[in-house]
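What follows is the residue order along each chain.
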Amino acid sequence: MAFTLRNLSVLAYANGFTLWHYKAGNDNFVQAMGAGYFSDAADLLCEGDMVMLTGTEGGRMATIAGQGRRMGLAPLV
């Protein structure tokens, strides 16, 4: 399954920072965290935004890394 914009929701926004939730459906974390997976939403997402990701393996927190077509998620450590 590919990225679906309607599965991306804003949970909170303040001072140029956005906390998102994305329901990845049947995609696993490896797919959803791959470079370019979120590129269709590149005009909405900013580097440093955080994403609560729900996928086939449960939930994870990640941050937006990169910009434009190379945008992806980086796990929080």
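Quick note: structure is the one above.
(A) Examining the sheet that holds strand 1 (residues 8–14) more closely. The strand order across the open sheet built from 5 strands is 1-2-3-4-5, with neighbouring strands paired in mixed fashion. Every other strand in the sheet has two partners, leaving strand 1 and strand 5 (72–75) as the edge strands with one partner each. Recorded for the sheet is a direction-independent mean angle of 30 degrees between the axes of neighbouring strands. Sheet topology note: the strand 4 (residues 58–65)/strand 5 ladder contains 4 bridges and is antiparallel. If you follow Ala 62 over to strand 5, its bridge partner there is Pro 75.

(B) Main features of the side chain of Ser 39. Looking at the element boundaries, Ser 39 is found in the loop between helix 1 (29–32) and strand 3 (50–55). Exposure remark for Ser 39: the relative accessible area of 13% places this residue in the buried category. A distance of 3.0 Å separates the side chain of Ser 39 from the side chain of Arg 69, its partner in a polar contact. The residues touching Ser 39, leaving out its near neighbours within four places in the chain, are Gly 68 and Arg 69.

(C) Examining a nonpolar patch on the surface more closely. Residues Leu 11, Met 52, Met 61 and Leu 76 make up a contiguous nonpolar surface patch of about 320 Å² in total accessible area. Counting through the fold element by element, Met 52 comes out in strand 3.

(D) Representation of the packing of aromatic side chains within the structure. Evaluated as defined, the whole model comprises 6 aromatic pairs. Consider the rings of Tyr 22 and Phe 38, whose centres lie 5.2 Å apart with planes at 70 degrees: the pair is edge-to-face. With Tyr 22 in strand 2 (residues 17–23) and Phe 38 in the loop between helix 1 and strand 3, this residue pair connects regions lying 16 residues apart in the sequence. Judged by its relative accessible area of 0%, Phe 38 falls in the buried class. Within the aromatic cluster, the residues linked to one another by ring pairs are Phe 3, Tyr 22, Tyr 37 and Phe 38.

Reading guide: rules and limits
Residues numbered from 1 in each chain as written. Predicted model: local features only at pLDDT ≥ 70, side-chain atom pairs only at ≥ 80, totals over all residues. Heavy atoms only, no water. Pairing = 2+ DSSP bridges. Helix = DSSP H or I, 4+ residues; strand = E, 2+ residues; numbered from the N terminus. Axes fitted to C-alpha atoms, helices over the stretch in contact; angles between N-to-C directions. Buried < 20%, exposed > 50% of the residue type's maximum accessible area, 1.4 Å probe, protein only. Polar contact = N/O pair within 3.5 Å; in protein donor to acceptor, adjacent residues only side chain to side chain. Contact = heavy atoms within 4.5 Å. Patch = residues over 30% accessible without salt bridge, like charges linked within 9 Å, V, L, I, M, F, W, Y side chains within 5 Å. Areas by Shrake-Rupley, 256 points an atom, 1.4 Å probe, with all protein chains shown as cover. Salt bridge = Lys/Arg side-chain N within 4 Å of Asp/Glu carboxyl O. Phe/Tyr/Trp six-rings, centres within 6.5 Å; stacked < 30°, edge-to-face > 60°.

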